[in-house]
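# Chain and residue survey
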Amino acid sequence: MTQKMSFGGIEVAQPAEVKFGNEKIWSENAGRSSSCIMVGDIRAIKKTISLTWYHLTPEEIGLINSFISNIDRTFFQISLLNEEFEYKTYNVYAGTPSYEVWGWDENRQFCKGVSVDLIEQ
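Residues numbered from 1 in each chain as written. Predicted model: local features only at pLDDT ≥ 70, side-chain atom pairs only at ≥ 80, totals over all residues. Heavy atoms only, no water.

## Points about the packing of aromatic side chains
For the record, the criterion: Here a Phe, Tyr or Trp ring, Trp counted by its six-membered ring, pairs with any other such ring whose centre lies within 6.5 Å, and the pair is stacked when the planes are under 30 degrees apart, edge-to-face when over 60, and tilted otherwise. Should the NZ of a Lys or the CZ of an Arg lie within 6 Å of a ring centre and within 35 degrees of the ring normal, that charge is described as sitting over the ring.
In total, this model carries five aromatic pairs according to the counting rule given. Three or more aromatic residues link up through ring pairs in this structure, and these residues are Phe7, Trp53, Phe67 and Phe76. Sitting over the ring of Phe67, Arg73 keeps its end group 4.1 Å from the ring centre.

Right under this line is the structure:
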């Protein structure tokens, strides 16, 4: 059984592309020493999850926007398969979404592409 991606426990349209980044969070003493050798400790790794959807209806965009562009919901949970194919839940906030050109298909209007980066809290 395939587990679907969800925002806050609500299944949303499944993205066409999912990309993961593992960002290192360094200690306060990180940097280059006087001999130009890197020093410091990695304190944590946080995920950046880049999502792209194609051909979304206005209703699908509205549901996604209720999470990624909502001033009353700064952080939310996303559950999905990660890069190691484990179904995980992350607490995230959304970067600035982008919306591609609007189009028509079978007399219905849709958005050709929506992209957003979700950054682990």
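## Some words on helix 1 (residues 58–68)
Definition in use: Burial classes follow relative accessibility: with a 1.4 Å probe on protein chains only, a residue under 20% of its type's maximum area counts as buried, one over 50% as exposed, and anything between as partly exposed. Every helix listed is a DSSP run of H or I at least four residues long, and every strand listed is a run of E at least two residues long, numbered separately from the N terminus. Along the arc lie the directions from the helix axis toward the C-beta atoms.
Inspection of helix 1 places Ile61, Ile64, Phe67 and Ile68 among the buried residues, and these make up the whole buried set. Relative to the axis of helix 1, the buried residues are bounded by an arc of 120° and lie together on one face.

## A closer look at the nonpolar core
In plain terms, the rule: Here the nonpolar core consists of buried residues drawn from Ala, Val, Leu, Ile, Met, Phe, Trp, Tyr and Cys, with membership extended through side-chain atoms lying within 4.5 Å.
Judged by nonpolar contacts, the single largest core of 21 residues is most densely connected at Met5, Phe7, Leu51, Trp53, Ile78 and Leu118. For this core, the secondary structure elements donating two or more residues are strand 6 (42–53), helix 1, strand 7 (76–81), strand 8 (87–94) and strand 12 (114–120).

## Digging into the side chain of Thr52
Formally: In the analysis that follows, any N or O atom pair within 3.5 Å is treated as a polar contact, provided that within protein one partner can donate a hydrogen and the other can accept it, and provided that, for residues neighboring in sequence, both atoms belong to side chains. We call two residues in contact when some of their heavy atoms are within 4.5 Å.
When you line up the elements, Thr52 lands in strand 6. The exposure class assigned to Thr52 is buried, which follows from its relative accessible area of 14%. In this structure the side chain of Thr52 is engaged in a polar contact, spanning 3.1 Å, whose partner is the side chain of Ser115. Every residue in contact with Thr52, bar those within four places of it in the chain, is listed here: Pro15, Ala16, Glu17, Val114 and Ser115.

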